[in-house]
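Here is what each chain is made of, one letter per residue.
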Amino acid sequence: MFSIKMRASENGKHISGAETIINGNIETVVNEFIKRALSHENGAPDFINIKIEKLDKNDITYINHLPIKTINCKNKEEARKIAKDILNKEGINDDLIEKAFKIIDNGGMRGASILNLKGERLEPDKKRGIRVKNISTTDELKEKILKNNIGTDRTVDAIAIASKVINLGVIAELCTSDNKSYTTGYIATKDGYFRITNLKKEIEKGGRVFFVKNNIDIDDLIYKLENKPYIVK
Ligand code: PML
């Protein structure tokens, strides 16, 4: 098995990235990733980095994806009330939720912020955040989501992140897209991946927050979020 990662930037600014874990067919994937980098809506890259690593089969964790439910909301107020109710059910209080919304609305982070239940931010670099890496979805899952109109390409990537994060013991994830026109966000918990329409307004920024227990081993969690290979079925 091989992990293949691509990241592209223009003048040092990140414009796109992709990754997968596959068994063979490296050239096809690399070609696809380069095509994706060159045709990205965010700009024309002057730097494309492709990383190919061999993985030990025994190190890969296979998990089922979280069940997906879409909740249609007519506006941001309704969407955020729904989000709050789901998070409250997980023992996350209103002050903490408020803090998390401020972080994602501020935007500008490449990765996720991590908040414990005391409201402390645990990511070592507050600008960069934590990037969840070494994940892949099966073709069957991609097909199921896209062909049945359950979600979009962004859903496919996000369900992989959310399923890994919850599997590693994160209580809940809150996410909105940093793509300005993409207003559907989600909350993930052990009960599922709840897509919530209108979780932000168009032109607003986005971000990710992971809520964790106060006694979490944060170094171990960050190491696994970034490095432990997962295939989400
Ligand atoms: C969904 O459509 O399921 C929500 C996906 C949010 C994606 C966030 C991102 O842009 O990475």
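Here we summarise the structure given alongside this text.

Conventions we followed
Residues numbered from 1 in each chain as written. Predicted model: local features only at pLDDT ≥ 70, side-chain atom pairs only at ≥ 80, totals over all residues. Heavy atoms only, no water. Helix = DSSP H or I, 4+ residues; strand = E, 2+ residues; numbered from the N terminus. Polar contact = N/O pair within 3.5 Å; in protein donor to acceptor, adjacent residues only side chain to side chain. Contact = heavy atoms within 4.5 Å. Buried < 20%, exposed > 50% of the residue type's maximum accessible area, 1.4 Å probe, protein only. Pairing = 2+ DSSP bridges. Axes fitted to C-alpha atoms, helices over the stretch in contact; angles between N-to-C directions. Near = heavy atom within 4 Å. Areas by Shrake-Rupley, 256 points an atom, 1.4 Å probe, with all protein chains shown as cover.

**What to know about the side chain of glutamate 123**
Next, step 1: Structurally, the position occupied by glutamate 123 is in the loop between β6 (112–116) and β7 (135–137).
Next, step 2: In terms of polar contacts, glutamate 123 uses its side chain to reach the side chain of serine 113, at 3.1 Å.
Next, step 3: Not counting chain neighbours up to four residues away, the residues in contact with glutamate 123 comprise Met109, Ala112, Ser113, Ile114, Gly129 and Ile130.

**Observations concerning the side chain of threonine 20**
Next, step 1: Position of threonine 20 among the secondary structure elements: in strand β2 (residues 13–22).
Next, step 2: Its relative accessible area of 11% is what places threonine 20 among the buried residues.
Next, step 3: Within the structure, the side chain of threonine 20 is placed 3.0 Å from the side chain of serine 136, a separation counted as a polar contact.
Next, step 4: Non-local contacts of threonine 20, meaning those with residues more than four positions away in its chain, are made with Phe2, Ser3, Ile4, Val29, Phe33, Ile135 and Ser136.

**Section: the sheet that holds β2**
Next, step 1: If you trace the 3 strands from one edge of the open sheet to the other, you get β2-β1-β3, paired in antiparallel fashion. Two strands close off the open sheet at either side, each with one partner strand: β2 and β3 (47–54). The sheet shows a mean angle of 10 degrees between the axes of neighbouring strands, direction not considered.
Next, step 2: Pairing of strand β1 (residues 2–10) with β3, which is carried by 8 bridges, proceeds in the antiparallel orientation.

**Regarding the site of the ligand**
Next, step 1: Taken together, Arg154, Thr155, Cys175, Ser177, Tyr182, Thr184, Tyr186, Tyr193, Arg195 and Arg208 form the complete shell of residues around the ligand.
Next, step 2: At a separation of 2.7 Å, an oxygen atom of the ligand approaches a polar side-chain atom of serine 177.
Next, step 3: Look at the ligand: alone it shows 340 Å² of surface, and the protein chains cover 92% of it.
Next, step 4: Mapped onto the shell around the ligand, the elements with two or more residues apiece are α5 (153–167) and β10 (192–196).

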